[in-house]
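Understanding the architecture of this molecule
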Amino acid sequence: MQDNGTEVTAAEIARLAGVGRAAVSNWRRRHADFPRPVGGTETSPSFALTDVEEWLRKQGKLAEVPLKERVWQQVTGHPDGPVTALVHAGCALLYLHDRPLAWLESSATGDDEQLAGVLADHIAQLLGPRFGPDGEPAVHAPTATELRPSIPLLRGATELAADLGARQTFEFLLARHLDANPRQYTLTPGELAELMAELAGPARTVFDPACGTGALLRAVAPRPGQELHGQDSAPELAALTALRLALRTKSTIRTAAGDSLRADAHAHLRAEAVLCHPPFNERNWGHDELAYDPRWEYGFPARTESELAWVQHALARLEDGGTAVLLMPPAVASRRSGRRIRADLLRRGALRAVIALPVGAAPPYNIGLHLWVLRRPGRTPAPPELLLVDTGRLGAEGRGGVDWAAVTAAVLEAWKPFDRTGEAVERPGLSRSMPVIELLDDDVDLAPARHLPPPAAGGSAAELGSVRERLGETLRLTVDLTPPLADETQPPRWPLTTVGELARGGALLLRTGGNGPHARVLTDHDVLAGTAPSGTLTETGEEPVLVERGDIVVPVLGGGGIARVVDEDTAGAALGRNLTLLRPDPAALDAWFVAGFLRGTANSRQASSYASTASRLDVRRLQLPRLPLEQQRRYGERFRALAAFEDALREAGRLSTRLVRGMYDGLTDGTVSPD
């Protein structure tokens, strides 16, 4: 049953029809019978989904709205908002997940009013045991009246769960919601969450006092009798986290809504592990009203040191010997206003490690954040050393530039021996354990980069010589690969076609990226930089688009001018966000011919649309000449040679940078003689 109140934007219409947004704008201009807006604004109107479906079918542009898209539109068009829709859908999916036969019996009725009443009773009976007694849980059982507007959504969501599974369906809907509202939520990347959980170690009782969407608690390895506790100041996030965890694990789940610092719902909890990604740089964290709070065992935090309040809150919720891992902005390690608390954390052995992450590891993506590993002191003497790790060189600026496998390996290789013995082998530029007494100066600066011996960027003199030889070989290769210039000829007047026309005619397949979980993802950064796949995709309930040898991948942001032909080493990776894949039929199109013409400056300029600060490429509007396959291959060979030349230049640039940096470092640290 379709909810007649559901509205869709132009972008959502484009997704339904499998076209670009520009095509929807053209339809509105060219077709007088296109549905009129029913809401939104003049610049971003919304349309009734039922009207849009009817028009698309009439035009032959849509046979049926895919079930995924229909359910998603019901979420966005819910009269009480998408968050309420997600909570109701989560409750129904949890009921289906835990009691599938009861759901089948309940949903057999075709009357929505009756189904709402039956569901309300059953959900109330289910939520109590899963989330705790009334008054404590973040998820409150909806009444029959509250559920009534959600019944079409619940029928669709549970129907979708028959294909995807209840957990995957909820993950799909939640991921869509988070993607649609990126400024409302600060997300913790899955790889970082897994690293934090690994540092905390196996635990039966785990607490996250700023749980957000539950990424950290989801990363915890399950154990028999496990209890997962969470709290968040946003009630909707506390509820969504509880449902997300309940669909994933049989652990006892206790989440609550409220500010953990001002209204601690877990005051009597003593957990084995605390994981936390707290809000950064908060001035209004409760400084005035919490001056005499017993949690400040290591000193009363200054108004500008909200992060040190979260550190002490985490320690207060640990049992003796329990471990806390918190994500921190780098300034917390060195601000003078926090030096007394840092000193006391060191003296008493509560702070065990400070780990610097690469730029781009987590939001805000323009700075390198830190991980603090803490342990609540017990009766054993305070350990004499602090572990310092700096993984900053294992990433590049911006999203998608972090080598998570290398970061995780480097951190755990340093932490695990240190955790056992209290000491770590020094690795220049990467890690060392440092006596606490040496850090207790006037500044108590704990930034790892200030205390680690610098590595020589190029290594020893022999290694620098090797880099120099490789650079020479690469430069000679670039000369050999330099394509000969073509003779001047009169520009031909080819008949042209577009990517969109070729896709409609079946000469190539067109797909967009960003769906489905995968450990190896080709990002737009990788395509632009010419590097190997470096990203990952979180679980969304959708199948990833895997690239194949001979595919063409085009970034859609930043003005165009780039197209990459997938080779054997890249094949099998998932297609990342902001990328479009073209898979040409080799009987009709040569891949290198297509990629080469897509890179033409004039071509990308005419297919781009511009906003105030960015440009977006409409790949369907890119043009190609209509040429016989044999002539395409002649062009393709020339474009392939140009790509090899470009790769050689890029490698030469990397080696040049490494050699120059190594020479500077060698001369300044004495490993290279000026003679």
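Just so it is clear, the structure is predicted and the values come from calculations on it, not from any experiment.

1. Some details on the overall build of the chain
Helix and strand counts for the chain stand at 23 helices and 23 strands. A buried classification covers 50% of the 675 residues belonging to the chain. Put simply, 73% of the contacts in the chain that link residues at least 6 apart link residues at least 24 apart.

2. Description of the environment of Trp285
Looking at the element boundaries, Trp285 is found in the loop between β7 (271-276) and α14 (306-316). For Trp285, a relative accessible area of 1% corresponds to the buried category. Once the C-alpha coordinates of Trp285 and Ala309 are considered, the two residues, 24 residues apart in sequence, prove to be 8.5 Å apart. Not counting the four nearest positions on each side in its chain, Trp285 is found in contact with Leu261, Arg262, Leu290, Trp296, Phe300, Pro301, Ala302, Arg303, Glu305, Ser306 and Ala309. A polar side-chain atom of Trp285 sits 3.0 Å from the main-chain carbonyl oxygen of Arg303.

3. Considerations on the pattern of salt bridges
Across all of its chains, the model carries 37 salt bridges by this definition. As a salt-bridge pair, Arg427 and Glu413 come within 3.4 Å of each other at their nearest N and O atoms. Separated by 14 residues along the polypeptide, Arg427 in the loop between α16 (404-421) and β12 (431-435) and Glu413 in helix α16 bring together distant segments of the chain. Accessibility expressed as a relative area gives 29% for Arg427, which makes it partly exposed. Taking the relative accessible area as the measure of exposure, Glu413 reaches 49% and is therefore partly exposed. A single salt-bridge network, built from bridges that share partners, covers Glu297, Asp320, Asp344, Arg348 and Arg376.

4. Quick look at the packing of aromatic side chains
In this description, an aromatic ring pair is defined by two values, namely the gap between the centres and the angle between the planes. Inspection of the entire model under this criterion finds 12 aromatic pairs. With a centroid separation of 5.9 Å and 85° between ring planes, the pair formed by Trp285 and Trp296 is classed as edge-to-face. Of this pair, Trp285 sits in the loop between β7 and α14 while Trp296 sits in the loop between β7 and α14; the two residues are 11 residues apart in sequence, bridging distant segments of the chain. Residue classification places Trp296 among the buried residues on the basis of a relative accessible area of 10%.

5. What about the nonpolar core?
Note that soluble globular proteins tend to have their nonpolar side chains buried in a common cluster. By size, the foremost hydrophobic cluster in this structure holds 87 residues, and its most contacted members are Leu119, Phe131, Leu195, Leu199, Leu275, Leu327 and Leu371. In terms of residue count, the dominant contributor to this core is helix α5 (residues 82-98) (10 residues). Leaving out residues up to four positions away in the same chain, Leu275 has contacts with Met196, Ala197, Ala200, Val206, Phe207, Asp208, Pro209, Leu216, Val220 and Val325. Counting 40 residues, the second largest nonpolar core, distinct from the first, contains Leu308, Leu326, Ala343 and Leu446.

6. Section: α5
The end-to-end C-alpha distance of α5, which contains 17 residues, comes to 24 Å, matching closely the 24 Å that a straight helix rising 1.5 Å per residue would cover. When you tally the buried positions in α5, you get 12 out of 17 residues, the bulk of the element.

7. Considerations on unusual backbone geometry
The omega torsion of the bond from Pro363 to Pro364 falls at -5°, within 30 degrees of zero and hence cis. Tracing the backbone through its elements, the reader meets Pro364 in the loop between β9 (351-356) and β10 (370-375). In this structure, Val444 is a non-glycine residue whose phi angle is positive, near 50°. Of the residues examined, Val444 reaches a relative accessible area of 3% and is grouped as buried. Within the chain, Asn578 stands out as a residue other than glycine whose phi angle is a positive 60°. Its location among the elements puts Asn578 in the loop between β19 (574-575) and β20 (579-584).

8. Some words on the environment of Gly214
Note that Gly214 resides in the loop between β4 (205-208) and α12 (215-218). Judged by relative accessible area, which is 0%, Gly214 ranks as buried. Separated by 18 residues in the primary sequence, Gly214 and Asp232 place their C-alpha atoms 9.8 Å from one another. Setting aside residues no more than four positions away along its own chain, Gly214 makes contact with Thr241 and Arg244.

9. What to know about the sheet that holds β7
The sheet built from nine strands is open, its strands ordered β6-β5-β4-β7-β8-β10-β9-β11-β12 with mixed pairing. Pairing within the sheet leaves two strands with one partner each, and these edge strands are β6 (252-257) and β12. Between one strand axis and the next, the sheet turns by 15° as a mean value, whatever way the strands run. Relative to β6, strand β5 (residues 227-232) runs parallel, the two being bridged by six bridges. When the bridges of β6 are listed, Gln231 appears paired with Ala256. Sheet strands in contact with helix α15 (residues 339-347) are β9, β10 and β11 (385-390), and its direction is about 50° off that of β10.

10. Some points on the packing of α5 against helix α13 (residues 235-248)
Where α5 contacts α13, the two axes come as close as 10 Å, and the packing angle between them is 20°. By the angle class used here, α5 and α13 are roughly parallel. Crossing geometry of α5 relative to α13 is assigned as left-handed. Residues Val83, Leu86, Val87, Gly90, Cys91, Leu93, Leu94 and His97 of α5 form the contact with α13, whose participating residues are Glu236, Ala239, Leu240, Leu243, Ala246 and Leu247.

11. Considerations on helix α9 (residues 151-164)
Given a rise of 1.5 Å per residue, 14 residues ought to cover 20 Å, and the 20 Å separating the end C-alpha atoms of α9 matches this to within 8%. Ile151, Pro152, Leu153, Leu154, Gly156, Ala157, Thr158, Leu160 and Ala161 are the residues of α9 that are buried. Those residues of α9 hidden inside the fold are in contact with α4 (67-76), α5, α6 (100-107), α7 (112-131), α8 (144-147) and α10 (166-180). Looking one or two residues past α9, Gly165 carries a phi angle of roughly 100°, positive in sign.

12. Quick word on a positive patch on the surface
A surface patch of positive charge is lined by Arg29, Arg30, Lys61 and Arg504. Note on placement: Lys61 falls in the loop between α3 (49-58) and α4.

13. Focus on the side chain of Glu385
Tracing the backbone shows Glu385 in strand β11. For the buried residue Glu385, which engages in no salt bridge, the nearest side chain bearing the opposite charge is Arg432, 7.6 Å off. Excluding anything up to four places from it in sequence, Glu385 contacts Arg352, Phe418, Gly422, Glu423, Ser433, Met434, Pro435 and Val436.

14. Topic: the sheet that holds strand β17 (residues 552-555)
Read across the open sheet, the four strands follow the order β14-β20-β17-β18; overall the sheet is antiparallel. In the strand order of this sheet, the two ends are held by β14 (508-512) and β18 (564-565), each with one partner. Contacts between helix α21 (residues 591-598) and the sheet are confined to β17, β18 and β20, with β17 contributing the most and set at about 15° to the helix.

What counts, and where the lines are drawn
Residues numbered from 1 in each chain as written. Predicted model: local features only at pLDDT ≥ 70, side-chain atom pairs only at ≥ 80, totals over all residues. Heavy atoms only, no water. Helix = DSSP H or I, 4+ residues; strand = E, 2+ residues; numbered from the N terminus. Buried < 20%, exposed > 50% of the residue type's maximum accessible area, 1.4 Å probe, protein only. Contact = heavy atoms within 4.5 Å. Polar contact = N/O pair within 3.5 Å; in protein donor to acceptor, adjacent residues only side chain to side chain. Salt bridge = Lys/Arg side-chain N within 4 Å of Asp/Glu carboxyl O. Phe/Tyr/Trp six-rings, centres within 6.5 Å; stacked < 30°, edge-to-face > 60°. Core = buried A, V, L, I, M, F, W, Y, C linked by side-chain atoms within 4.5 Å. Expected span 1.5 Å × (residues − 1). Pairing = 2+ DSSP bridges. Axes fitted to C-alpha atoms, helices over the stretch in contact; angles between N-to-C directions. Parallel < 35°, antiparallel > 145°, perpendicular 65-115°, else oblique. Left-handed = near helix turned anticlockwise from the far one by under 90°. Patch = residues over 30% accessible without salt bridge, like charges linked within 9 Å, V, L, I, M, F, W, Y side chains within 5 Å. Areas by Shrake-Rupley, 256 points an atom, 1.4 Å probe, with all protein chains shown as cover. Lys, Arg positive; Asp, Glu negative; His and termini not counted. Charge placed at Lys NZ, Arg CZ, Asp CG, Glu CD.

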